[in-house]
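Fold and contact review
The chain contents come next:
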Protein chains: 2
Amino acid sequence: MTLSQIDEEVAKLLQLKAQLGGDEGKHVFVLKTAKGTRDYNPKQMAIREKVFNIIISCFKRHGAETIDTPVFELKETLTGKYGEDSKLIYDLKDQGGELLSLRYDLTVPFARYLAMNKITNIKRYHIAKVYRRDNPAMTRGRYREFYQCDFDIAGQYDAMIPDAECLKIVYEILNELDLGDFHIKVNDRRILDGMFAVCGVPDEKFRTICSTVDKLDKMAWEDVKKEMVNEKGLSEDVADRIGEYVSMQGGQDLAERLLQDPKLSQNKQACAGLTDMKLLFSYLELFQVTDKVVFDLSLARGLDYYTGVIYEAILSQTIPAPAEQNGADEAGVSVGSVAGGGRYDGLVGMFDPKGRKVPCVGVSIGIERIFSIMEQKAETSSEKVRTTETQVLVASAQKNLLEERLKLTSELWNAGVKAEVLYKKNPKLLSQLQHCEETGIPLVAILGEQELKDGVVKLRNVASREEVRLISDQNH
Amino acid sequence: MTLSQIDEEVAKLLQLKAQLGGDEGKHVFVLKTAKGTRDYNPKQMAIREKVFNIIISCFKRHGAETIDTPVFELKETLTGKYGEDSKLIYDLKDQGGELLSLRYDLTVPFARYLAMNKITNIKRYHIAKVYRRDNPAMTRGRYREFYQCDFDIAGQYDAMIPDAECLKIVYEILNELDLGDFHIKVNDRRILDGMFAVCGVPDEKFRTICSTVDKLDKMAWEDVKKEMVNEKGLSEDVADRIGEYVSMQGGQDLAERLLQDPKLSQNKQACAGLTDMKLLFSYLELFQVTDKVVFDLSLARGLDYYTGVIYEAILSQTIPAPAEQNGADEAGVSVGSVAGGGRYDGLVGMFDPKGRKVPCVGVSIGIERIFSIMEQKAETSSEKVRTTETQVLVASAQKNLLEERLKLTSELWNAGVKAEVLYKKNPKLLSQLQHCEETGIPLVAILGEQELKDGVVKLRNVASREEVRLISDQNH
C-alpha cells in the first residue's frame, strides 16, 4: 500500500465515520447541562418568580423603566473593561462575520446602550443572565451562567439624591425579602483616595492597596497589614496610619468629625467625599433608613470604575452554604453580602466617541445568593412550595363523565378561573384527590350523576374536606 | 536581513500592535449591537411585558408550571436534531473544556431535560431567547436572537385530551391579544402519510412531498404541482390525486366523510388519524372553539419530529411588515402565522439511553411577530405607551422644599404607592408638570409653604387639572 493509498483509505473511513456519527437515533447522548450551569425546575422557578416579583415591584415603585440587551456583544465592546478578569469571558466561535462574546455583566452593555443611543438620563432596571468562565462552585450557588439584577440612575442631578434612592431601594428590597437582619456599609472612593494620600501611600499604589483594604471583611487587620507591608511594599508607619482610619465606623457624626481631622481636612478629595457623605446621611434620615446604614472606612469594593459613593449590603445571619457566589466584583466578597454598588461617572464616556460623560449611580442585587437562601428556607420550611396556581380541579366520582368535566373546566377557564382536569376518560376519585394534594390545589369540583340532575356542582375544600353545593350554569 | 530576523521583527511589531490595541480608554469603539440582534428600549419592553402577561396568565390558568434551561447546551445535544438547519447553530469558541452551542429552540432542551431527570409527565411553559445564524430581516421582525414561547404537555394520556387543550390555549391567547380575526388549521401527520400512500407516493418521498405541500399557503396549486412533478419526480396522476385531497377543508363532518373514502379508509394510518380528528373536534366542541378551527388537509408543517396532530394559527388581516420572522419551522411559513405546534411522541426517546418514549404535544406562540404587530399598533394608536407605572410625582411650586418632597415621597413608597420626585434641589413647577406629561404620570402632589402650614397636600390630576386638598400625615 502506498502512502497516498493509505491516505485515501483513511479519508474514506473518516467519511464513513462521519456518516455513521451523523446518523441520528442510534447515538447515545451525554445527558447533562454544560459545566457550571443548571436547569431551573418548577420549584426553583416558583421561588425565582417570587423573588423577582418583590424586586421588580420595588423598582417600579421607584419609577424605573426596564431595557434588555442581547446576550452577546461585539467582542470589542467588552475589551479593556474587566482587566485581569477578561480571561473569564466566553467567546463565540468565529463562524464568519463579527467576533462576538457573551456578556460578562449588565453594566458594560448598559453603558454601550446609553452611548449608542445618546441617552443622557434614564432610571432603568435590567434583570438578565450573564456569563463567566469562572471556577464554578455550584453547591455554594456560584455558576457560570447566573442572573444579575441591576438598577441604575444615569443623569446629571443634584448631589446625593439619586445615590440616596439607591440605598433606600436596597433597604426596601432586603426588608421585603425577609432574609433576617442586615446592614448597609457606605464609603466613598474619594475618601479612600484622600485617606491613602494623607497616610503617605504613593499614587500608583492606590488601587492595589484598595484591593487589600477590601479584604478586611474576611481577614483580620494584622493579616491585611502584613499584605500591605510584605507584598505591597508599604512601610509599617503608613500601614498603621491606614489601620487607624479603616477601623472607624459611624454615621453622619463620623463624617463631621473627619471633616475636622487635621490631616484629612487638608485633602480636597477627602473633603468632597466627606461633605457628600454628610449630605447623603441627611437624605437617608428623611428616607428613614439610617438604622441600617453604617459609614465604614474599610469598605473598598473591587471594581475600578467607581468614582464616588460605594455601598454593600450584608446579611447579619451567617449562612454557611452560599458564600462568595457572585465573584468579588458583583456583590462584594464578604460572606453574607447580597447587594452592592456605587457611583461610576466615567464608564459611559469610555464608549462615547467624544468622551462625553454621563454620571451614573447604581446597585446590583446579588440575586443568585438570595435564590440559594430562599431555596434553603423552602427546604426547611413545612410549607410546600406550589409550582402552579391552579385554584380548582374538576373531578368526578363516577365513570363516563369526561365530557361534563371538560365542559365545566372550559367554562371555568372562560371565567378566568385557574382550573385543571385530568387527561383521563375515567380517573379514580382517589387519584384526582391525590393530584390536588401533591400540587396544592385547594378546591375540587366534583361532578356526579345526581349533581348533574340537580344542576349543582359539589365544591370540596381539599384540606378541610368541607363541601358546599353550588348551582351550576350548565344545562343538562 | 535573514528570514529569521524578519520573523523576529514581525513578531515584535505584532506584539506591539496587540499592546496598543489592548490599551483601554483611547480606543474608539464600534457602537453597535451584533448583527441580527437588537436592544429593547423601555417602550418595547412595556409592550413585551403586556404580551407576556396575557400569555403567561393563560398558561397559568391552565395549570402549567415553568422551567428554565441554560442558554447553551453541549454541542452534542443539538447534533442531529435540525437536519440541514444545523449550519445555523451558533457554536462557542473552544476555550478548553466542553464544546458548547447556543440553543436553537426550546423543544430540544425540553426533551433533554425530561430524559435527564426521568420525568414522564409535566405540563410546562418556557419563554426564553433562542439563537440562529439566519439571514436576518430585522425590518420584518426576523432576528438572530429571538424569543420562543412554548407550552407543552408530556405524558401518557387518553387520546386527544391534551391536544384539544393546546388548541384551546391558542384560541384564548389570540382572542385576548386582540390581533383581529384568526383561524386555526388542523391536520395530522398520519392522515398526510396515509394520503400520500393511497395516492401512490413512494415511502421515501413522504417527507419531501410533505415540504412541497407545506408551500400551499404561499403558492398556487399549479406551482406546487409543478414542483412535485418536475423537481420531486412524481407522476402527473399521483400529483393530481394529492391535489384533490389537499383542497379539502371542513370540520368533524370532513373527518367522517374521509373515513368513508374508498381509498383512505383502506389505510390504517389515515384511519387512526381521522378517528382521532373526529374525537379532537368533539372535545373542541365542548371547549367552544370550533368556530375558528378548520380541518385542512393542506397543512403539513416543516418539522420532521411531528408524529400526530399538527396545527397552525393564522391571522386573517394581512400585515405587510412582519412576514416569516420565525423561520419555517417555528410558527409555520404562511404569512400571518402566529402560532403552531403538534404532537411529537418520539423526540424524548432520542435522548433516553434506553429509548423510552414520552409522548408530547405542544404549541409555540410566534411571539416576535406578535411584538411587531403590537409595536405597529402602538405607533399608529393615539394612546401613549407608558414605560413606567408611577402614580404620583411629588412636586413643589416653591424653592427650598427638597427635604419635604423627599420625606413625602419616602412615605408614599413605604405605603406602596409608586412615586417619583425630581432629583433637583429647586426644580421649576413647569418642568415637574412636563415630566408628568411626558411619562404619563396621572397625579402630582404639590407641596407649598401654605400647604405645609395647614398640614395638607394638594393633589392635582395632571390631565384635568382638577385639584383636591388632602390632609397630610406629616408633622411639620
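Since the model is a prediction, treat every value here as computed from it, not as a measurement.

Concerning the overall build of chain A
Secondary structure assignment for chain A yields 16 helices and 16 strands. Each of the 476 residues in chain A was classed as buried or not, and the buried ones make up 57%. For chain A, long-range pairs separated by at least 24 residues make up 70% of all intrachain contacts whose partners lie at least 6 apart in sequence. When the accessible surface of chain A is split by element, carbon and sulfur atoms take 51% of a total near 20,400 Å².

Re the pattern of salt bridges
Counted according to the given criterion, the structure contains 70 salt bridges over all chains. Between Arg469(A) and Asp454(A) there is a salt bridge, and its shortest N-O distance comes to 3.0 Å. You can see Arg469(A) sitting in strand E16 (residues 467-471) and its partner Asp454(A) sitting in helix H16 (residues 449-454), a full 15 residues away along the chain. Look at Asp454(A) and you get partly exposed, because its relative accessible area is 40%. In this structure, the salt-bridge partner of Asp345(B) is Arg343(B), at a minimum N-O distance of 2.9 Å. With relative accessibility at 13%, the residue Arg343(B) sits in the buried group. Among the ionic contacts, a cluster of salt bridges with common partners joins Arg48(A), Lys129(A), Glu145(A) and Asp68(B).

Quick notes on the sheet that holds E16(A)
All names here are of chain A. Taken together, the five strands give an open sheet; going across it, the order is E13-E12-E14-E15-E16, and neighbouring strands pair in mixed fashion. Of all strands in the sheet, those bounded by a partner on one side alone are strand E13 (419-421) and E16. Strand-to-strand twist of the sheet, defined as the mean angle between neighbouring strand axes without regard to direction, takes the value 30°. Both strand E12 (residues 392-396) and E13 contribute to a ladder of three bridges, which runs parallel. Bridge pairing links valine 392 to alanine 419 in E13.

Some words on the interface of chain A and chain B
Opposite the 97 residues of chain A that make contact, chain B presents 96 residues. Both sides together, the interface formed by chain A and chain B hides about 9,000 Å², and carbon and sulfur atoms give 58% of it. In this structure, the connection of chain A to chain B is made through 14 salt bridges. Joining chain A to chain B, the criterion identifies 46 residue pairs in polar contact (both at pLDDT 80 or more). In terms of residue count, the dominant contributor to the side of chain A that touches chain B is helix H14 (residues 402-414) of chain A (seven residues).

A few points about the layout of surface pockets
In this structure, the largest pocket spans a volume of roughly 1,400 Å³. If you go around the largest pocket, you meet 43 residues; those closest to its centre are Arg48(A), Phe52(A), Arg48(B), Phe52(B) and Ile56(B). Among the elements of the structure, helix H2 (42-61) and strand E4 (122-131) of chain A together with helix H2 (42-61) and strand E4 (122-131) of chain B are those that each provide at least two residues to the lining of the largest pocket. Taken together, the residues of the lining of the largest pocket break down into 20 nonpolar, eight polar and 15 charged.

A look at the domain arrangement of chain A
The assigned domain composition of chain A is domain 1 (42-320 + 334-380) and domain 2 (392-471). Relative to domain 2 of chain A, the C-alpha centre of domain 1 of chain A lies at a distance of 52 Å.

Let's talk about the nonpolar core
Within the largest apolar cluster, 127 residues are counted, with the highest numbers of intra-cluster contacts made by Phe59(A), Leu114(A), Met195(A), Phe196(A), Ile242(A) and Phe295(A). Sort the elements by how many residues they give to this core and helix H5 (residues 161-177) of chain A lands first, with 10 residues. Setting aside its immediate chain neighbours within four residues, Leu114(A) contacts Ile119(A), Ile122(A), Ala154(A), Val348(A), Val358(A) and Cys360(A). Ranked by size, the runner-up nonpolar core spans 126 residues in total, among them Ile89(B), Ile191(B), Leu274(B) and Val363(B).

Let's talk about unusual backbone geometry
In this structure, Met160(A) is a non-glycine residue whose phi angle is positive, near 70°. Tracing the sequence through the fold places Met160(A) in the loop between strand E5 (145-154) and H5. Among the residues examined, Met160(A) registers a relative accessible area of 5% and is labelled buried. In the Ramachandran plot, Lys118(B) falls in the positive-phi region, its phi being about 50° despite a non-glycine side chain. Relative to the helices and strands, Lys118(B) is located in the loop between helix H4 (107-116) and E4. Judged by its relative accessible area of 62%, Lys118(B) falls in the exposed class.

Topic: the pairing of strand E9 (residues 309-315) of chain A
Taken residue by residue, a regular strand's side chains alternate between the two faces of the sheet. All names here are of chain A. In terms of burial, E9 is largely enclosed, as seven of its seven residues are buried. Burial along E9 is two-sided: the face carrying Val309, Tyr311, Ala313 and Leu315 and the face carrying Ile310, Glu312 and Ile314 are both buried. Pairing of strand E6 (residues 182-188) with E9 involves seven bridges; the strand directions are antiparallel. Within E9, the residue paired with histidine 183 across the bridge is isoleucine 314. Sheet analysis places E9 next to strand E10 (residues 337-343), joined by five bridges and oriented antiparallel. Bridging across to E10, glutamate 312 finds its partner in glycine 340.

Here's the deal with the sheet that holds E5(A)
Two strands in a sheet stick together by hydrogen bonds in their backbones, pointing the same way (parallel) or opposite ways (antiparallel). All names here are of chain A. Pairing in this open sheet of nine strands is mixed, and the strands run E1-E4-E5-E11-E10-E9-E6-E8-E7 from one edge to the other. Two strands lie at the open edges of the sheet, namely strand E1 (65-66) and strand E7 (249-250), each paired on one side alone. Against the sheet, helix H13 (residues 367-380) touches E5, E9, E10 and strand E11 (360-365), its axis set at about 125° to E5.

Topic: the relation of the copies chain A and chain B
Turning chain A through 180° and shifting it by 0.0 Å along the axis lays it on chain B, with an RMSD of 0.0 Å. On this basis, the relationship between the two copies can be described by a two-fold rotation axis. A high fraction, 99%, of the interface residues of chain A reappear at the interface in chain B, so the copies pair face to face through one surface.

Some remarks on the packing of H2(B) against helix H5 (residues 161-177) of chain B
Residue and element names in this part refer to chain B. The contact between H2 and H5 brings their axes to 10 Å, and the two run at 150°. Considered as vectors, H2 and H5 are oriented roughly antiparallel to each other. Like other packed secondary-structure pairs, H2 and H5 cross with a definite hand, here right-handed. Contacts between H2 and H5 pair Val51, Ile54, Ile55, Cys58, Phe59 and Arg61 from the former with Ile169, Glu172, Ile173, Glu176 and Leu177 from the latter. Taken together, the residues that form the contact of H2 with H5 break down as eight nonpolar, no polar and three charged.

Observations regarding the confidence of the model for chain A
All names here are of chain A. Considering every residue of chain A, the mean pLDDT works out to 89; 89% of them sit at 70 or more. Between residues 18-26, whose pLDDT stays under 50, and residues either more than four places distant or in other chains, the model counts three contacts. Low pLDDT, under 50, characterises residues 320-334; the predicted model gives this stretch 64 contacts beyond four residues in sequence or across chains. Reported confidences for the modelled complex are a pTM of 0.87 and an ipTM of 0.86.

Observations regarding the UniProt feature "binding site: L-histidine" (unreviewed entry) in chain A
Residue and element names in this part refer to chain A. When the UniProt feature table is mapped onto this chain, "binding site: L-histidine" (unreviewed entry) is found at Asp105, Leu106, Thr107, Arg132, Gln148, Asp152, Arg301, Tyr305 and Tyr306. For aspartate 105, the location among the structural elements is in the loop between strand E3 (100-102) and helix H4 (107-116). The buried category is assigned to aspartate 105, whose relative accessible area is 6%. Excluding its chain neighbours within four sequence positions, the residues that come into contact with aspartate 105 are Tyr82, Val130, Arg132, Gln148 and Tyr305. Considering the arrangement of structural elements, one finds arginine 132 in the loop between E4 and E5.

Side note on the packing of aromatic side chains
Counting across every chain of the model gives 30 aromatic pairs over all chains. Plain terms: the ring middles of Phe287(A) and Trp413(B) are 5.5 Å apart, the flat faces sit at 65° to each other, and that makes the pair edge-to-face. One end of the pair, Phe287(A), is in the loop between helix H11 (268-286) and strand E8 (293-296); the other, Trp413(B), is in helix H14 (residues 402-414), on a second chain. When the ring of Tyr305(B) is compared with that of Tyr344(B), the centres are 5.4 Å apart and the planes differ by 50°; the resulting orientation is tilted. Highlighted residues: Tyr305(B) in the loop between strand E8 (293-296) and strand E9 (309-315) and Tyr344(B) in the loop between strand E10 (337-343) and helix H12 (347-351), separated in sequence by 39 residues. This pair shows no difference in class: Tyr305(B) is buried, exactly as Tyr344(B) is.

Some remarks on helix H13 (residues 367-380) of chain B
Residue and element names in this part refer to chain B. Here H13 spans 20 Å end to end across 14 residues, near enough to the 20 Å set by a 1.5 Å rise per residue. For H13, the buried fraction is high: 10 of the 14 residues fall into the buried class. Of all the residues in H13, the buried ones are Ile367, Glu368, Arg369, Ile370, Phe371, Ser372, Ile373, Met374, Glu375 and Ala378.

Focus: the side chain of His126(A)
Residue and element names in this part refer to chain A. Relative to the helices and strands, histidine 126 resides in strand E4. Reaching out from histidine 126, the side chain makes a polar contact with the side chain of aspartate 68 at a distance of 2.9 Å. Setting aside its immediate chain neighbours within four residues, histidine 126 contacts Thr66, Ile67, Asp68, Thr69, Arg103, Leu106, Gln148, Cys149 and Asp150.

Parameters at a glance
Residues numbered from 1 in each chain as written. Chains lettered and ligands numbered in written order. Predicted model: local features only at pLDDT ≥ 70, side-chain atom pairs only at ≥ 80, totals over all residues. Heavy atoms only, no water. Helix = DSSP H or I, 4+ residues; strand = E, 2+ residues; numbered from the N terminus. Buried < 20%, exposed > 50% of the residue type's maximum accessible area, 1.4 Å probe, protein only. Contact = heavy atoms within 4.5 Å. Areas by Shrake-Rupley, 256 points an atom, 1.4 Å probe, with all protein chains shown as cover. Salt bridge = Lys/Arg side-chain N within 4 Å of Asp/Glu carboxyl O. Pairing = 2+ DSSP bridges. Axes fitted to C-alpha atoms, helices over the stretch in contact; angles between N-to-C directions. Buried area = accessible area lost by both parts, 1.4 Å probe. Polar contact = N/O pair within 3.5 Å; in protein donor to acceptor, adjacent residues only side chain to side chain. 1 Å grid on protein atoms, 1.4 Å probe; cavity = no way out; pocket = protein on both sides within 12 Å on 5 of 7 lines; lining within 4 Å. Points joined across faces, edges and corners; volume = space filled by probe spheres on them. Nonpolar A, V, L, I, M, F, W, Y, C, P; charged D, E, K, R; others polar. Domains from an automatic or database assignment. Core = buried A, V, L, I, M, F, W, Y, C linked by side-chain atoms within 4.5 Å. Least-squares fit on C-alpha atoms with pLDDT ≥ 70 in both. Parallel < 35°, antiparallel > 145°, perpendicular 65-115°, else oblique. Left-handed = near helix turned anticlockwise from the far one by under 90°. pLDDT = per-residue confidence, 0-100. UniProt positions renumbered as here; feature names shortened; annotations may be inferred. Phe/Tyr/Trp six-rings, centres within 6.5 Å; stacked < 30°, edge-to-face > 60°. Expected span 1.5 Å × (residues − 1).

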